[in-house]
Amino acid sequence: MDVRAVAAGSDAGPSSMDAMAAFAALFDESFEAMRRLAYLLGADDPENIAQEAFVRLHGRWQTLYDDSKALPYLRAMVVNLSRSRLRHLRVVRRTPPDVMLDELSAESHAMARQEHRRIREALGKLSRRQREVLVLRYWLDLDQAAIAETLGVAVGTVKATTSHAMTNLRKHLEEW
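Given the structure is predicted, the values throughout are model-derived calculations rather than measurements.

What counts, and where the lines are drawn
Residues numbered from 1 in each chain as written. Predicted model: local features only at pLDDT ≥ 70, side-chain atom pairs only at ≥ 80, totals over all residues. Heavy atoms only, no water. Helix = DSSP H or I, 4+ residues; strand = E, 2+ residues; numbered from the N terminus. Buried < 20%, exposed > 50% of the residue type's maximum accessible area, 1.4 Å probe, protein only. Polar contact = N/O pair within 3.5 Å; in protein donor to acceptor, adjacent residues only side chain to side chain. Expected span 1.5 Å × (residues − 1). Salt bridge = Lys/Arg side-chain N within 4 Å of Asp/Glu carboxyl O. Phe/Tyr/Trp six-rings, centres within 6.5 Å; stacked < 30°, edge-to-face > 60°. Lys NZ or Arg CZ within 6 Å of the ring centre and 35° of its normal.

(A) Expanded view of the side chain of Ser 82. Take Ser 82: it is sitting in helix H4 (residues 70-94). On the accessibility criterion, Ser 82 (1% relative accessible area) is buried. At 2.9 Å, the side chain of Ser 82 and the backbone oxygen of Val 78 are in polar contact.

The structure is reproduced here in structure tokens:
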């Protein structure tokens, strides 16, 4: 038994076997012509275009009323798939590539680490409450009400503590 007939299913009747034989014959006779057509239409992957056209035709094979319409239908699919592929490639080529940002130098990384170390040391010199308020405000980006709720204090206390903490932090950073 032919492999193509097996693809039709084990319960395939005589008409199904005839349809599979007709499709196989069309494939054998027309694949190279469809590949060349896709190539001449400018497709960058003509073999894939031709294969996709045959896959789609196979899916619609049972709905064809006349086998003589299969080849024109196949040609139309190759033309349409080639157009779609070219349209896709034009869009891809027009899309600008991702902009690569300049990588920071090793010196920049070292300076940033030193700056972070200074800020952490300055935060360490603040009182526990001041440090907590600044971390919740500027690292976790919480508003004053959320900070007050988290610490169990009044919003006015958060405002005053933030102000005093920023003053003390500036003073400690200026020492360096």
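(B) Fine view of H4. Spanning 25 residues, H4 covers 36 Å between terminal C-alpha atoms, matching the ideal 36 Å at 1.5 Å per step. Among the residues of H4, those classed as buried are Ala 70, Leu 74, Met 77, Val 78, Leu 81, Ser 82 and Leu 89.

(C) Representation of the pattern of salt bridges. Under the defined criterion, the tally for this structure stands at seven salt bridges. The residue Glu 32 makes a salt bridge to Arg 35 at a minimum N-O spacing of 2.8 Å. Here Glu 32 and its partner Arg 35 are both found in helix H2 (residues 14-40), three residues apart, which amounts to about one turn of the helix. Because the salt bridges share partners, they merge into one network encompassing Asp 44, Asp 45 and Arg 85.

(D) Examining unusual backbone geometry more closely. Despite not being glycine, Asp 141 has its phi angle at roughly 60°, a positive value. Within the secondary structure layout, Asp 141 lies in the loop between helix H6 (128-139) and helix H7 (144-151).

(E) Representation of the packing of aromatic side chains. By the definition in use, this model includes five aromatic pairs. Between Phe 23 and Phe 54, the aromatic rings sit 6.1 Å apart at their centres with planes inclined by 80°, giving edge-to-face as the arrangement. One end of the pair, Phe 23, is in helix H2; the other, Phe 54, is in helix H3 (residues 46-60), with 31 residues separating them in the sequence. A residue is classified by how much of its surface remains accessible, and Phe 54, at 3% relative accessible area, is buried. Measuring from ring centre to ring centre gives 6.1 Å for Phe 31 and Phe 54, while their planes differ by 40°; the resulting arrangement is tilted. Of this pair, Phe 31 sits in helix H2 while Phe 54 sits in helix H3, and the two are 23 residues apart along the sequence. You can call Phe 31 buried: its relative accessible area is 11%. One aromatic cluster is present, formed by Phe 23, Phe 27, Phe 31, Phe 54 and Trp 61 through successive ring pairs. A cation over a ring is seen here: Arg 137 above Tyr 138, with NZ or CZ 5.9 Å from the ring centre.

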